[in-house]
Amino acid sequence: MSELLYGSTRGGERKVTASQAILKGLADDGGLFVPERIPALPLSMGELSRLSYQETAYAVMKEFLTDFTEEELKSCIARAYDDKFDVKEIAPVREADGAYYLELFHGATIAFKDMALSILPHLMVTAAKKNRVSNEIVILTATSGDTGKAALAGFADVPGTKIIVFYPRDGVSPIQKRQMVTQKGENTLVVGIHGNFDDAQSGVKAMFGDRALEKELAEKGFQLSSANSINIGRLVPQIVYYAYAYGQLLKSGAISDGEEINVTVPTGNFGNILAAYYAKRAGVPIGKLICASNENKVLFDFFRTGIYDRNREFILTSSPSMDILISSNLERLIYQIAGCDSETDAALMKELSETGRYQITPAMEAALGDFYGGYASEAETAAEISRLYEKTGYVIDPHTAVASHVYRAYRAQTGDTRKTVIASTASPYKFTRSVMKAIDPKYDEMEDFSLIDVLSALSGTAVPAAIEEIRSAPVRHKGQCEIGEMENVVKAFLKI
Ligand SMILES: *Cc1c(COP(=O)(O)O)cnc(C)c1O
């Protein structure tokens, strides 16, 4: 099999292997690593439908991560997708009111970030061994809530790694915050910054781009890497569950072989939906990719006008993991629709960093036909949680509700009745207050942990272990810093 190499979206990098791209996270020129071609899955959908999650993971990942051996990949997969997940299907599909909710929240931190972050540490440690890296790997992460905890859970006490997470002090849910500040592991550090998610992400990106810092760290035996969704070690494991969902629908008789399905994804950094796009390009019969935004609807506007413009008010919503104005992974799509032309990509990204906005060409816009953008207001999001619960008894979280609303609006507007998979990205237990308030405003008067018990009774589901744990866990991370102090915080933790 020929090796699949990865280059930068901005063209400035010689091509690297998958394991090198995973170790580096971001290319030296500030671009994102992209595969030089999107491989076709070498199996039929019928064959796919007979595979377990772990077998599907191997079938997909071996096509993208070609410099990993069979033994290495299978060992990473076995260690990632085990009883940390509370269902044996890992990502079950659940039908409610005619849509298929792909539940991606059965892992350690009950959000979809676990799907990729339970395997990334194993891919990274394997990649370090393969490339004879002796430095300690320092994971730097900016989080809007869910990535942080999932990355901490994945990397805690993994030998040869340290992990530092920055989160917006006032921009995550109380449960998200509690999950992070109670994180165990001597190699972990969690810091609240006085700024929003984009500030945290820009601060982390600046450190990755700082050659002097890189040199200083290397002299002390450290090297930075990223667990953010720009790492292809996150993106590739996310392709798996779209293939798996298709197989599950086929197996259950909900669709026939080859029948196209639509996919709706509640979107922030554009990682999850990009994985669905790659799944489509790799041969999974997917029709429309429906990109659902909350009131930070920069992507909705982009799909409608061809103009990406982050110059707007940043809105705090009930779906905080989608409160993002710079969707980093969109750069990979821009690169694709520019005909894999890195000069165009680099010019647009330069414009974005200088002016906060760019406009794509009509030819590029024409290449966006696979996508549809929609958004849900806060009121529509709450109404969808309540409507679905009243009609079916099924309780969804606000992120999933954004997608569910957008899917139903799309269907009504276009008459496209293809079966649709909705990426269900968080457990309702992670956003209990918003969920319960949507079901009945009277619940807003109760305190968080009582609400959890009410949710359990009302939905007939068990309180997840991830929630039980934080009820009593002590706070271990009290650190806060200003936006400008992030580098000092990193150095202090590494004692340099
Ligand atoms: C991260 C996250 C999203 C957004 O996913 P992207 O890959 O950043 O688009 C949506 N919902 C939840 C619950 C998340 O944690």
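Below, the structure is looked at part by part. Numbering of residues starts from 1 in every chain and runs along the sequence as written. Local features in a predicted model are, by the rule used here, given only for residues with pLDDT of at least 70; side-chain atom pairs are given and counted only at 80 or more, and totals for whole chains, interfaces and linings are based on all residues. The side-chain values count all of the structure's non-hydrogen atoms but skip hydrogen atoms and water molecules.

What follows deals with the sheet that holds strand 8 (residues 222-226). For two strands to be treated as a pair, DSSP must find at least two bridges joining them. Numbering of helices and strands runs from the N terminus, with a helix taken as a DSSP run of H or I at least four residues long and a strand as a DSSP run of E at least two residues long. One open sheet holds the 5 strands; their spatial order is 8-5-6-7-15, and the pairing between them is parallel. One side of each edge strand has no neighbouring strand; the edge strands of this open sheet are strand 8 and strand 15 (480-481). Working rule for contacts: check all heavy atoms of both residues, and any pair within 4.5 Å makes them a contact. Axis definition: a line fitted to C-alpha atoms, over the contacting stretch in the case of helices. Angles run 0 to 180 degrees between N-to-C directions. Most of the contacts of helix 22 (residues 486-494) go to strand 6 (residues 161-168), to which it runs at about 150°, and overall it touches strand 5 (136-142), strand 6, strand 7 (188-193), strand 8 and strand 15.

With that settled, the discussion passes to the side chain of T147. With respect to the element layout, T147 can be found in helix 7 (residues 146-155). Taking the relative accessible area as the measure of exposure, T147 reaches 8% and is therefore buried. What T147 contacts, discounting residues up to four positions off in sequence, is K113, L117, T141, A227 and R234. Think of it in three bands: residues with accessible area under 20% of the maximum for their type are buried, residues over 50% are exposed, and the middle band is partly exposed, with areas taken using a 1.4 Å probe on protein chains only.

In this scheme, a helix's expected span is set at 1.5 Å multiplied by one less than its residue total. Compared with the 21 Å implied by 1.5 Å per residue over 15 residues, the 21 Å span of helix 17 (residues 378-392) between its first and last C-alpha is a close match. Looking at helix 17, one finds that the buried residues are T381, E384, I385, S386, L388 and Y389. Tucked inside the fold, the buried residues of helix 17 contact strand 3 (93-96), strand 4 (99-103), helix 18 (398-414), helix 19 (432-439) and helix 20 (448-459). With its phi angle positive at about 85°, G393 sits one or two positions after the end of helix 17.

This paragraph deals with the nonpolar core. Buried Ala, Val, Leu, Ile, Met, Phe, Trp, Tyr and Cys residues form a nonpolar core when they are joined through side-chain atoms within 4.5 Å. Core analysis: the biggest nonpolar cluster contains 111 residues, and Y6, M61, L65, F270, I334 and Y358 have the highest contact counts within it. Examining the composition of this core, we find that 13 residues originate from one element, helix 11 (residues 232-251), more than from any other. The contacts of I334, once residues within four sequence positions are left out, are F302, D345, L348, M349, Y358, I360 and M364. In this structure, Y389, A401, V454 and A466 belong to the second largest nonpolar core, which totals 37 residues.

On to the side chain of K149. In this structure, K149 sits in helix 7. Here K149 sits buried without a salt bridge, and the closest side chain of opposite charge, E469, lies 6.1 Å off (N-O distance). Only four residue types enter the tally: Lys and Arg on the positive side, Asp and Glu on the negative side; His and the chain ends are excluded. Here a salt bridge means any side-chain nitrogen of Lys or Arg lying within 4 Å of a carboxyl oxygen belonging to Asp or Glu.

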